[in-house]
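Inside the fold
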Amino acid sequence: MFAFIIRRVLQAIVVMLIISFIGFALKQNVGDPVRELTGISVSAAERDAIREKLGLNDPFLIQYGRFLKGAVLEGNIGQSFFYKKPAMEVIINKAPATLELVLVCSFLIVVLSIPMGIYSAIYPRRFMSRMIMGFSTIGVSVPIFLIAILLIYVFSIKLGWLPSYGRGQTVDVWGWESGLFTIDGLKHLLLPSTALTALMLPLFIRLIRSEMMEVLETEYVKFAWAKGLPRMRIWFVHAFKNTLLPVITVGGVQIGTMIAFTILTETVFQWGGLGFLFLEAVERADTSLLVAYLIFVGVIFVVVNTVVDIIYGLVNPMVRITGRK
Amino acid sequence: MTHLLDVQDLVVKFRLRSGDLTALNGINFTLNPGERMGLVGESGAGKSVAGFSIINLISKPGFIASGRVLFEGEEISAYPLEQMRDIRGNRISMIFQDPMMTLNPVLTIGTQMVETIMAHNKVSVTHAREIALEKLSKVYISSPGKRLGQYPHELSGGMRQRVVIAISLLTNPSLIIADEPTTALDVTIQAEVMALLLELCRDDNMGLILITHDLGVVSQVTEKIAVMYAGRIVEQGPTEAIVSAPRHPYTQGLIKALPQGGGGGGRLHQIPGMMPNLTSIPPGCAFHPRCEHAMDICRRETPQLFGDGQTPGLVACHLYAQTR
């Protein structure tokens, strides 16, 4: 198991190197940092001097090496042109908003999709199962901004129960600006997280349902019935544990997709997080910030997938064997 | 004396959109305590369905349409699920065909054994593990203590089937239903597993229903045979009598199809044609299109099982009805 984890971590590092390389190449080819630093009133000779001083005339790989050194040793991946601050700092300031949104959604998805998926797999013909499947079809096919706007229209404008934009009151928890601990913050969180959950939930319900239905047909489940086990044990231990394997895999990938969808959610709800920041950065051609976003999301993606693989290894005994190869 | 098992006019149907399909068409047989019976036939004859219907575990959309299953005098076919659970894996155990598929891949052997004991007996986990160990050594598994902590994929096919047999023994059942227990195993291991099963049944006076297409195996292990074709029993009786002097043309064909030791070189006999699909069972005797003795009456009337009072056993064939 230990060797398996080490191997996964090494793979994660390789992936991060590739992401940083792509990010850096983007930055090199989009826009000219000297022009953005100096403006128009600087002569060509002075520009060349600055260029030389900043090392911009060095070969690409040397510059990449310098970028990597800065990134690893100082966590410095460039300066945001707009905020006049290190890009990483800007990202980290905005990250809690997005991560909280993703966290709450992941929680809701786990808590809702598992019972709903299992129920509709065990009783596929019941009325409730048909309802669940019907709603999940709608959920899959309606775009997120439509759900978001509908939610705002009903709950903010018509009923006036919930705020329609912003994060509300937040508290500082060891440098983490959190909206989870105030009533106002939670109220603000409700609509965006509902919108994002509504988008992702149907996929998981359907995935769990179809996997579970397949597992319920296997010989080992039939054998469990023949052993006279209590049905709760058959469903939740024998069947569900096997259902989990593909769900974990897809779940890891979907967390990444969810981060991408925060861009839309945050825009509609004016949620001051990374997605919102990303769109701003695109509009302002703030390349350093874009690269920082890319790398940050890359890190989250890689960390989540590594954790998912390790969990997968814990659930599936066969992975541990192959991990030793 | 009450029979260990008494199956009466059992009819199993599968509910499909196009109507009900009859998979078992009125099966009758009895089994005494400690008796071993073979259910023989080609794939699709309904022998597995017959085995599973005893513990009412037919895959959906199958169901028992009529008939009764009496186990130790109780009508278990009328039991609700929760009561049936007390029978399954407790008083009647099953051994499945493919040990690669039978054990849950994500649970250890120990877990899968202990849960079975604890589902039927109020014992501590420690005590349950002791029982599991005892049964594992009974099926001659090397270092049984180590096996408890292993996962199914760490064991070979033969070992897994031994584990499955050990699981079936955990609660000291009075009947074991073995559905093709050696079909998925290597030929060399088949004999070992079969001998083990026979030994265990003899030692504890357990009844055995051996579902198989292999008449050779059946003749070594069982005391009586029921030969099935297209959802019906076409011949049944003492194993010796049927193997040495089969009467139904289908049984004759099955026995002729067995490879004979010694001689060798010759082509094996085969029964022409194929078992009919359940959706298109021919009228009259279902076997008549493949039968070399088919007569007019075979196409019209379904023969019933009967005995002639001289030869032991029953046969469902018009050939013998003439001489009656």
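1. Some points on the overall build of chain B
Helix and strand counts for chain B come out as 13 helices and 11 strands. For the C-alpha atoms alone, the extent of chain B along its principal axes is close to 65 × 50 × 40 Å. When each of the 324 residues of chain B is scored for burial, the buried share is 44%. Long-range pairs, those at least 24 residues apart, make up 63% of the contacts in chain B between residues at least 6 apart in sequence.

2. Quick word on the overall build of chain A
Looking only at helices and strands, chain A has 13 helices and 4 strands in total. For chain A, the C-alpha atoms occupy an extent of roughly 85 × 60 × 35 Å along the three principal directions. Each of the 325 residues in chain A was classed as buried or not, and the buried ones make up 34%. The contacts of chain A with a sequence gap of at least 6 include a subset with a gap of at least 24, amounting to 69%.

3. Some thoughts on the interface of chain A and chain B
With 18 residues of chain A at the contact, the number on the chain B side is 23 residues. When residues of the side of chain A that touches chain B are traced back to their parent elements, those giving at least two are helix H9 (219-226), helix H10 (231-268) and helix H13 (317-323) of chain A. If one sorts the elements of the side of chain A that touches chain B by residue count, H9(A) sits on top with 5 residues. Grouping the amino acids of the side of chain A that touches chain B by side-chain chemistry returns 9 nonpolar, 5 polar and 4 charged.

4. Some points on unusual backbone geometry
What is expected of a backbone is that most residues other than glycine have negative phi and most peptide bonds are trans. Residue and element names in this part refer to chain B. Between Lys60 and the following residue, Pro61, the backbone shows a cis peptide bond with an omega angle of 0°. Within the fold, Pro61 resides in the loop between helix H1 (47-54) and strand S4 (62-71). Of note, the phi angle at Asn56 is positive, near 50°, even though the residue is not glycine. Within the secondary structure, Asn56 sits in the loop between H1 and S4.

5. Quick word on the pairing of S4(B)
Within a regular strand, the side chains alternate between the two sheet faces. Residue and element names in this part refer to chain B. Summarising the sheet, strand S1 (residues 5-16) and S4 pair through 8 bridges and their orientation is antiparallel. When the bridges of S4 are listed, Val12 appears paired with Ile64. In this structure, S4 lies alongside strand S5 (residues 74-75), joined through 2 bridges in antiparallel fashion. Bridged to Leu70 within S5 is Glu75. Linking S4 back to S5 in an antiparallel pair, the connection comprises 2 residues, with Glu72 at a positive phi of about 50°.

6. Notes on the sheet that holds strand S9 (residues 224-229) of chain B
Residues and elements named next belong to chain B. With mixed pairing, 7 strands are arranged side by side in an open sheet as S6-S7-S8-S3-S9-S10-S11. Whereas interior strands pair on both sides, the edge strands pair on one side only; in this sheet they are strand S6 (92-95) and strand S11 (314-315). Sheet strands in contact with helix H7 (residues 157-169) are S6 and strand S7 (175-179), and its direction is about 175° off that of S6.

7. Notes on the packing of helix H7 (residues 144-158) of chain A against H10(A)
Residues and elements named next belong to chain A. One way to put it is that H7 packs onto H10 with a least axis distance of 10 Å and a crossing angle of 30°. Considering the angle they form, H7 stands roughly parallel to H10. Two packed elements cross with a definite hand, and for H7 against H10 that hand is right-handed. Where H7 approaches H10, its residues Ile144, Phe145, Ala148 and Ile149 are matched on the opposing element by Phe261, Leu264, Thr265 and Val268.

8. Looking at the nonpolar core
Of all hydrophobic cores here, the largest spans 149 residues; its most connected members are A:Ala292, A:Tyr293, B:Val227, B:Met228 and B:Tyr229. With 14 residues, helix H8 (residues 183-216) of chain A is the largest single contributor of residues to this core.

9. Structural notes on the environment of B:Ala316
Residue and element names in this part refer to chain B. Topologically, Ala316 is positioned in the loop between S11 and helix H13 (318-322). The exposure class of Ala316 is buried, given the 24 C-beta atoms found within 10 Å. Ignoring sequence-local partners within four residues, the contact set of Ala316 consists of Arg232, Val234, Glu235, His248, Pro303, Gln304 and Leu305.

10. Describing the confidence of the model for chain B
Summing up the model confidence of chain B, the mean pLDDT is 88 and the portion of residues at 70 or higher is 97%. Interface confidence for the predicted complex, expressed as ipTM, amounts to 0.89; the pTM equals 0.81.

11. Digging into the environment of B:Arg15
All names here are of chain B. You can see Arg15 is positioned in strand S1. Arg15 sits in the partly exposed class, given 13 other C-beta atoms within 10 Å. Along the backbone, Arg15 and Pro61 are 46 residues apart, and their C-alpha atoms lie at a distance of 5.4 Å. Aside from chain neighbours lying at most four places away, what touches Arg15 is Asp20, Pro61 and Phe63.

12. Regarding the environment of A:Ala260
If you trace the backbone, A:Ala260 turns up in helix H10. Residues A:Ala260 and A:Gly275 lie 15 residues apart in sequence; the distance between their C-alpha atoms is 7.5 Å.

13. Observations concerning the sheet that holds S5(B)
Residue and element names in this part refer to chain B. Read from one edge to the other, the open sheet built from 4 strands follows the order S2-S1-S4-S5, with strand pairing classed as antiparallel. Every other strand in the sheet has two partners, leaving strand S2 (19-31) and S5 as the edge strands with one partner each. Against the sheet, H1 makes contact with S1, S2 and S4, and its axis sits at roughly 70° relative to S2, the strand it touches most.

14. A few points about the pairing of S1(B)
All names here are of chain B. Sheet topology places S1 next to S2; 10 bridges connect them, and they run antiparallel. By the bridge assignment, Phe14 is partnered in S2 with Leu21. Turn length for the S1-S2 hairpin, with the two strands adjacent in sequence and antiparallel, is 2 residues.

15. A look at helix H4 (residues 109-120) of chain B
Under the 1.5 Å per step criterion, the end-to-end length of H4(B) is 18 Å for 12 residues, consistent within 8% with the ideal 16 Å. Among all positions of H4(B), only B:Ile109, B:Gln112, B:Met113, B:Val114, B:Glu115, B:Thr116, B:Ile117, B:Ala119 and B:His120 are buried. Against the buried residues of H4(B) lie H10 of chain A together with helix H5 (125-138), helix H6 (144-148) and H7 of chain B.

16. Focus on the packing of H9(A) against H10(A)
All names here are of chain A. Taken N-terminus to C-terminus, the directions of H9 and H10 make an angle of 150°; their axes are 10 Å apart at the nearest point. One way to sum up the angle between H9 and H10 is to call them roughly antiparallel. Between H9 and H10 the crossing geometry is right-handed. Packed against H9, whose contacting residues are Tyr220, Val221, Ala224 and Trp225, the element H10 presents Ile234, His238 and Ala239 at the interface.

17. Looking at H7(A)
Residue and element names in this part refer to chain A. The end-to-end C-alpha distance of H7 is 20 Å, a good match for the 21 Å that 15 residues give at a rise of 1.5 Å each. Every buried residue of H7 is accounted for by Ile147, Ala148, Leu151 and Ile152. Check the buried side of H7 and you find it contacts H8 and H10. Of the residues one or two after H7, Gly160 is the one with positive phi, at around 65°.

Reading guide: rules and limits
- Residues numbered from 1 in each chain as written.
- Chains lettered and ligands numbered in written order.
- Predicted model: local features only at pLDDT ≥ 70, side-chain atom pairs only at ≥ 80, totals over all residues.
- Helix = DSSP H or I, 4+ residues; strand = E, 2+ residues; numbered from the N terminus.
- Buried ≥ 20, exposed ≤ 12 C-beta atoms within 10 Å, placed from the backbone.
- Contact = placed C-beta atoms within 7 Å.
- Nonpolar A, V, L, I, M, F, W, Y, C, P; charged D, E, K, R; others polar.
- Pairing = 2+ DSSP bridges.
- Axes fitted to C-alpha atoms, helices over the stretch in contact; angles between N-to-C directions.
- Parallel < 35°, antiparallel > 145°, perpendicular 65-115°, else oblique.
- Left-handed = near helix turned anticlockwise from the far one by under 90°.
- Core = buried A, V, L, I, M, F, W, Y, C linked by C-beta atoms within 7 Å.
- pLDDT = per-residue confidence, 0-100.
- Expected span 1.5 Å × (residues − 1).

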